[in-house]
Amino acid sequence: MKRIFLSAIALMSLLNLRAQSTGDSTGFKSRKLKIDEINLVSSYYSQSGEHAAVTGGIGSQKLSDIANTLDIKLISYDKKLRKHTFDAEVGIDHYTSASSDRIDLKANSSASHSDTRIYPSLNWTMENNRKGNGIGAGLSYSSEFDYQSLGVSGSFSKKTHDRNGEFNIRLQALFDQVSDIKPVELRTGGNSGEDESYPKQNRRTLAAALSWSQIVNERLQVALMADVVQQSGFLSLPFYRVYFNDASVHQEYLPDTRFKLPVGIRASYFMGDKVILRGYYRYYADSWGVRSHTANLEVPVKLNPFVSVAPFYRFYSQTGTRYFAPYGVHTAANDYYTSNYDLSTFQSHFVGAGIRWTPLKGIAGIQKLSMAEIRYGHYTKNIAMNANIVTLNLRFR
Amino acid sequence: MKTHLNKYVLFVAGSLLLTLAACTTVKEYQKNKLNDAEMSLGNRKAEKTELNFQSYREGSSGANGGKNGGGCGCN
């Protein structure tokens, strides 16, 4: 809480440096770069379960993660009055994990007991309001002890003549490196695995995300989303154990390509004057045999013009990959094998609520603190796993 | 996979046709309800960490404006 307060003070100082207003009654738009908004998001995630992939599908999945992201959005207009948006974000996660701790089989003492992930990103978009189109580009990076990821993206959008529909395409490439950290009993040379450099394995993801958003009438808008994703390279995780039916232990071994096809539809409907229905459905299929249905409904209710409460419920049903089997079931005849229960057949429920404040004069009298949102969610799988997550979002403008 | 590709194309085409058939043109001054922050078709900032953990704890991801890869999520 102290960190959030100090961050808030720092952000307010930063906001005081912002340049002059971009618009006035004459329609004049300043071309100076200015801060549009700053978002500070903090979340705490905690899970428990008894199917850890590190220990071959048995053992504690106890994990906690604290995530903080700072997102600064800047805008400016060029000579042709095209709007340029720069979005700079940096995130830091710190987790402790009971299952990762078992890579070295020394509870609460191994290097893998906890880790910190840092993930900065920078995105730029340019919107031409007169023509109704836009382009964008982005760079992202993510780093943790055993995993690095570099991402590049480009996007294009085009609005319909009546500005009621918009097509968007985003192409993304992710180049990841996984450190080949084997479970301690599978390492050669008898070393503990600490203080050494590990060989790297490459993983590449190419994705095209297409979407069409459309205003249907004064109260309803919908969006159709479809992704085409091709992954190649080392798609297993080297420290996930798999125990065969002869009690021998192996590293997880999965195909080196994976083709994913998720398609979704989202709709928002304003019912009456106070209630909004936000619905989402997704169907997913991939070349490993995973199939899933996701349905989500959120119902924000406006208690007054400045406060809304939004209960939500999400249902997820998954048919697992053909390469999954529980502890001690795989045989030497299997070409590929995993005991990661995240790839098994299961159903999950995610239920919770959020509350959002947007007072005219700022929160607690702080003019620049324009919005605060707190969300809590409880997640359960029908395979003995559950989690809780609480998130706080503060917006300054 | 081919059967699923066919379903996929049918779903997109069917949804697109149904949506377009029901549309009326809405002028800028008629968009006060559509412009409400709660009506957003995108994910809110506070949902991002939820989407992250779901993509790690489930075998599916994508078609939600979230990420398609990057980061380990292996614990």
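J.: Before we go on, may I ask you to explain unusual backbone geometry in this structure?
T.: As a rule of thumb, non-glycine residues mostly have phi less than zero, and peptide bonds are mostly trans rather than cis. Residue and element names in this part refer to chain A. In this model, Arg-163 sits at a positive phi of 60 degrees, which is unusual for a non-glycine residue. Structurally, the position occupied by Arg-163 is in the loop between strand E6 (147–159) and strand E7 (165–179). Judged by its relative accessible area of 25%, Arg-163 is partly exposed. Notably, Ala-247 is not glycine yet its phi reads approximately 75 degrees, a positive angle.

J.: Just checking my understanding: could you explain the side chain of B:Gln54 for this structure?
T.: The residue B:Gln54 is located in helix H2 (residues 48–57) in this model. Apart from residues lying up to four places away in sequence, B:Gln54 is in contact with A:Arg314 and A:Phe350.

J.: Explain the pattern of salt bridges here, please?
T.: Proximity of charged atoms lets side chains of opposite charge pair with each other. The full count for this structure, using the stated rule, is 26 salt bridges over all chains. A salt bridge links A:Asp78 to A:Arg82; the nearest nitrogen and oxygen atoms lie 2.8 Å apart. A relative accessible area of 22% places A:Arg82 in the partly exposed class. Taken together, the salt bridges that share partners define one network made up of A:Arg278, A:Glu298, A:Arg356, A:Glu373, A:Arg375, B:Glu38, B:Arg44, B:Glu47 and B:Glu50.

J.: I would appreciate a short explanation of the interface of chain B and chain A in the present structure.
T.: Of the residues lining the interface, 55 residues belong to chain B; the matching set on chain A comes to 101 residues. Interface of chain B and chain A: buried area, both sides summed, is about 6500 Å²; carbon and sulfur atoms make up 55% of it. Applying the counting rule to chain B against chain A returns 11 salt bridges. The partner of A:Arg278 in a salt bridge is B:Glu47, with the nearest N and O atoms 3.8 Å apart. Our count for the chain B to chain A interface comes out at 33 residue pairs in polar contact (both at pLDDT 80 or more). Of all the secondary-structure elements, those providing two or more residues to the side of chain B that touches chain A are helix H1 (2–21) and H2 of chain B. With 9 residues, H1(B) is the single largest residue contributor to the side of chain B that touches chain A.

J.: Looking at this structure, I do not really get the environment of A:Leu206. What am I missing?
T.: All names here are of chain A. Relative to the helices and strands, Leu-206 resides in strand E8 (residues 200–215). Judged by its relative accessible area of 38%, Leu-206 is partly exposed. Once the C-alpha coordinates of Leu-206 and Val-229 are considered, the two residues, 23 residues apart in sequence, prove to be 5.8 Å apart. Those residues in contact with Leu-206 that sit more than four places away from it in its chain are Gln-172, Ala-173, Val-228, Val-229 and Gln-230.

J.: What is the right way to look at H2(B) in this model?
T.: Because an α-helix completes one turn every 3.6 residues, residues spaced three or four positions apart along the sequence face the same direction. Among the 10 residues of H2(B), 8 are classified as buried, and the element is accordingly described as predominantly covered. If you check which residues of H2(B) are buried, you get B:Thr49, B:Glu50, B:Asn52, B:Phe53, B:Gln54, B:Ser55, B:Tyr56 and B:Arg57.

J.: Can you walk me through a nonpolar patch on the surface in this structure?
T.: Residues and elements named next belong to chain A. Together, Tyr-44, Ile-66, Trp-357, Ile-374, Tyr-376 and Val-390 line one region of the surface with nonpolar side chains, adding up to about 520 Å² of accessible area. Residue placement: Val-390 occurs in strand E19 (residues 385–396). Look at Val-390 and you get partly exposed, because its relative accessible area is 36%.

J.: Is there a simple way to think about the pairing of E19(A) in this case?
T.: Side-chain positions along a regular strand alternate between the two faces of the sheet. Residue and element names in this part refer to chain A. The pairing of strand E1 (residues 34–49) with E19 spans 12 bridges and is antiparallel. Counterpart to Ser-46 in the pairing with E19 is Asn-388. Examined bridge by bridge, strand E18 (residues 369–381) and E19 share 12 bridges and lie antiparallel to one another. Counted as the bridge partner of Tyr-379 is Ala-387 from E19. Turn length for the E18-E19 hairpin, with the two strands adjacent in sequence and antiparallel, is 3 residues, and the turn residue Ala-384 shows positive phi of about 60 degrees.

Reading the values: rules and limits
- Residues numbered from 1 in each chain as written.
- Chains lettered and ligands numbered in written order.
- Predicted model: local features only at pLDDT ≥ 70, side-chain atom pairs only at ≥ 80, totals over all residues.
- Heavy atoms only, no water.
- Helix = DSSP H or I, 4+ residues; strand = E, 2+ residues; numbered from the N terminus.
- Buried < 20%, exposed > 50% of the residue type's maximum accessible area, 1.4 Å probe, protein only.
- Contact = heavy atoms within 4.5 Å.
- Salt bridge = Lys/Arg side-chain N within 4 Å of Asp/Glu carboxyl O.
- Buried area = accessible area lost by both parts, 1.4 Å probe.
- Polar contact = N/O pair within 3.5 Å; in protein donor to acceptor, adjacent residues only side chain to side chain.
- Patch = residues over 30% accessible without salt bridge, like charges linked within 9 Å, V, L, I, M, F, W, Y side chains within 5 Å.
- Areas by Shrake-Rupley, 256 points an atom, 1.4 Å probe, with all protein chains shown as cover.
- Pairing = 2+ DSSP bridges.

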